[in-house]
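Chain residues, written in single-letter form:
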Amino acid sequence: MQLIDIGANLTDAVFRGMYRGKQVHEDDMGRVLERARAAGVVGMMVTGGNIEESAKAIELSGEHASLFATAGCHPTRTSEIETYAGGGDAYFARLRELIDRNRERVVAVGECGLDYDRLHFSSKEVQNRYFARHFELAESTGLPMFLHDRNTGGDFERTVRANRHRFTDGVVHSFTGTEAELRGLLELGLYIGINGCSLKTEDNLAVARLVPLDRLMLETDCPYCEIRPTHASAKLLETQPRDGDGDGWCMPDSKRKERWSGDSMVKSRNEPCAIRQVVQVMARLHGIDEQELAAHAFNNTQKVFFAKAKLAQ
């Protein structure tokens, strides 16, 4: 089984053992990547949520052959563009510079989009102003887009529809929308990214079941969006053998961060290897085996984001 995690926030300090500014255990990035490889994850897209994170994602991708980067500004971070020296023009010029200097490692423009659940971080006006600038970046670089849509009342779809001619392909990651929203995004030719947050409720599962296999991508959004025992999707894991599809893989045990040992995951810190649980759930929802489900998602992701970038398989 080969998998690509399209959304991994590996620049987060928790993967260096740092929690809320305190060093709790040693840097275990290497072990995280080892567990990912053991699970069949051959590629990971490290999310760039602003200029600083995009630069860190690019740096990290240069250190590990399986890692690639995105470059953009998350909607909840767009308020920082207002105070950036030189304003929006300078901000997006810097993003363009990062992309141009690292073409072999940057595979998407983003994360970008709209998020009306967290307007206390950035207003609708500011979010919309700088979401529009990302289409310019995608158009000028020819890169596909890594998109974010959360509770936008149709504004996200309307904006994408008006700019759809300006970018090649894109994925709406961490999708949690309704069936109607799904239909609208599919009509625009977009791909749908599914992770644990996409599978929390029975309503989520009903919509996830409708994602066409030729439009499906998989992700963890780690260290967030794990599948928790309280989620509706957890019951779909209970009847699965621990070795998944029979390739010998088992979900690693986890321990609290204070009891870190190196050979276990950290409790409540999601990792790329846990994408195998997303595979299990989506395979059951679609009534096919895990290998087939994984192959569809892998092929979709390779076609959109890795047509030019070379995966180390």
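Residues numbered from 1 in each chain as written. Predicted model: local features only at pLDDT ≥ 70, side-chain atom pairs only at ≥ 80, totals over all residues. Heavy atoms only, no water.

1. Section: the overall build of the chain
So, point 1. Of the regular secondary structure elements, the chain holds eleven helices and twelve strands.
So, point 2. Its C-alpha atoms give the chain a radius of gyration of 18 Å, near enough to 20 Å, the size a compact globule of 313 residues would have.
So, point 3. With the principal axes as the frame, the chain shows a C-alpha extent of 55 × 45 × 40 Å.
So, point 4. Relative to its full complement of 313 residues, the chain shows a buried share of 57%.
So, point 5. Sequence separation of 24 or more characterises 73% of the internal contacts of the chain that already satisfy a separation of 6 or more.
So, point 6. Within the structure as shown, the chain displays about 13100 Å² of accessible surface, and the carbon and sulfur contribution to it stands at 46%.
So, point 7. Charge centroids of the chain, computed over 40 positive and 46 negative side chains, lie 2 Å from each other. (Helix = DSSP H or I, 4+ residues; strand = E, 2+ residues; numbered from the N terminus. Rg over C-alpha atoms; globule rule 2.2 N^0.38 Å. Buried < 20%, exposed > 50% of the residue type's maximum accessible area, 1.4 Å probe, protein only. Contact = heavy atoms within 4.5 Å. Areas by Shrake-Rupley, 256 points an atom, 1.4 Å probe, with all protein chains shown as cover. Lys, Arg positive; Asp, Glu negative; His and termini not counted. Charge placed at Lys NZ, Arg CZ, Asp CG, Glu CD.)

2. Let's talk about the packing of helix 4 (residues 87–101) against helix 5 (residues 124–141)
So, point 1. Taken N-terminus to C-terminus, the directions of helix 4 and helix 5 make an angle of 35°; their axes are 11 Å apart at the nearest point. Classified by chirality, the crossing of helix 5 by helix 4 is right-handed. Taking contact as the criterion, the partners of Gly-88, Asp-89, Phe-92, Leu-95, Arg-96 and Ile-99 in helix 4 are, on helix 5, Tyr-130, Arg-133, His-134, Leu-137, Ser-140 and Thr-141.
So, point 2. Here the residues of the contact of helix 4 with helix 5 are counted per class, giving five nonpolar, four polar and three charged. (Axes fitted to C-alpha atoms, helices over the stretch in contact; angles between N-to-C directions. Left-handed = near helix turned anticlockwise from the far one by under 90°. Nonpolar A, V, L, I, M, F, W, Y, C, P; charged D, E, K, R; others polar.)

3. A closer look at unusual backbone geometry
So, point 1. In this structure, the amide linkage connecting Gly-110 to the following residue, Glu-111, adopts the cis form with an omega of 15°.
So, point 2. Position of Glu-111 among the secondary structure elements: in strand 6 (residues 106–115).
So, point 3. For Arg-20, which is not a glycine, the phi torsion comes out positive at approximately 50°.
So, point 4. Position of Arg-20 among the secondary structure elements: in the loop between strand 2 (18–19) and strand 3 (22–23).
So, point 5. With a phi angle near 55°, Asn-151 is a residue other than glycine that sits in the positive phi range.
So, point 6. With respect to the helices, strands and loops of the structure, Asn-151 is situated in the loop between strand 7 (145–150) and helix 6 (155–163).

4. As for the pattern of salt bridges
So, point 1. Within the structure shown, the criterion is met by 26 salt bridges.
So, point 2. Between Arg-96 and Asp-100 there is a salt bridge, with the nearest N and O atoms lying 2.9 Å from each other. You can see Arg-96 and its partner Asp-100 sitting in helix 4, four residues apart, about one turn around the helix.
So, point 3. Here Glu-258 and Arg-256 are joined by a salt bridge, their closest N and O atoms 3.7 Å apart.
So, point 4. For Glu-258, a relative accessible area of 49% puts it in the partly exposed group.
So, point 5. On the basis of relative accessible area, Arg-256 is assigned to the exposed category, the value being 54%. (Salt bridge = Lys/Arg side-chain N within 4 Å of Asp/Glu carboxyl O.)

5. Concerning the sheet that holds strand 1 (residues 3–8)
Hydrogen bonds between backbone groups are what pair the strands of a sheet, and the pairing can be parallel or antiparallel.
So, point 1. With parallel pairing, the eight strands of this open sheet are ordered in space as 1-4-5-6-7-8-9-10. Since the sheet does not close on itself, it has two edges, and those belong to strand 1 and strand 10 (216–218), each with one partner. When the angles between neighbouring strand axes are averaged without regard to direction, this sheet yields 30°.
So, point 2. Relative to strand 6, strand 5 (residues 67–71) is paired through three bridges, and the arrangement is parallel. (Pairing = 2+ DSSP bridges.)

6. Things to note about the environment of Glu-104
So, point 1. Structurally, Glu-104 can be placed in the loop between helix 4 and strand 6.
So, point 2. For the pair Glu-104 and Gly-62, spaced 42 residues apart in sequence, the C-alpha to C-alpha distance is 9.4 Å.
So, point 3. Contacts of Glu-104, omitting those with residues within four sequence positions, involve Phe-68 and Ala-309.

7. Quick look at the state of the cysteines
By definition, a disulfide links the sulfur atoms of two cysteines through a covalent bond.
So, point 1. Scanning the model with the defined rule gives one disulfide in all.
So, point 2. Covalent S-S linkage joins Cys-197 and Cys-225, the inter-sulfur distance amounting to 2.3 Å. The sign of the -95° torsion about the S-S bond sets the Cys-197-Cys-225 disulfide as left-handed. Note that Cys-197 is positioned in the loop between strand 9 (191–194) and helix 8 (202–208) and Cys-225 in the loop between strand 10 and helix 9 (235–238), a separation of 28 residues in sequence.
So, point 3. Given a relative accessible area of 15%, Cys-197 falls into the buried group.
So, point 4. Free cysteine Cys-250: the closest other cysteine sulfur is in Cys-273, separated by 12 Å.
So, point 5. We classify Cys-250 as partly exposed; its relative accessible area is 36%. (Disulfide = S-S within 2.5 Å.)

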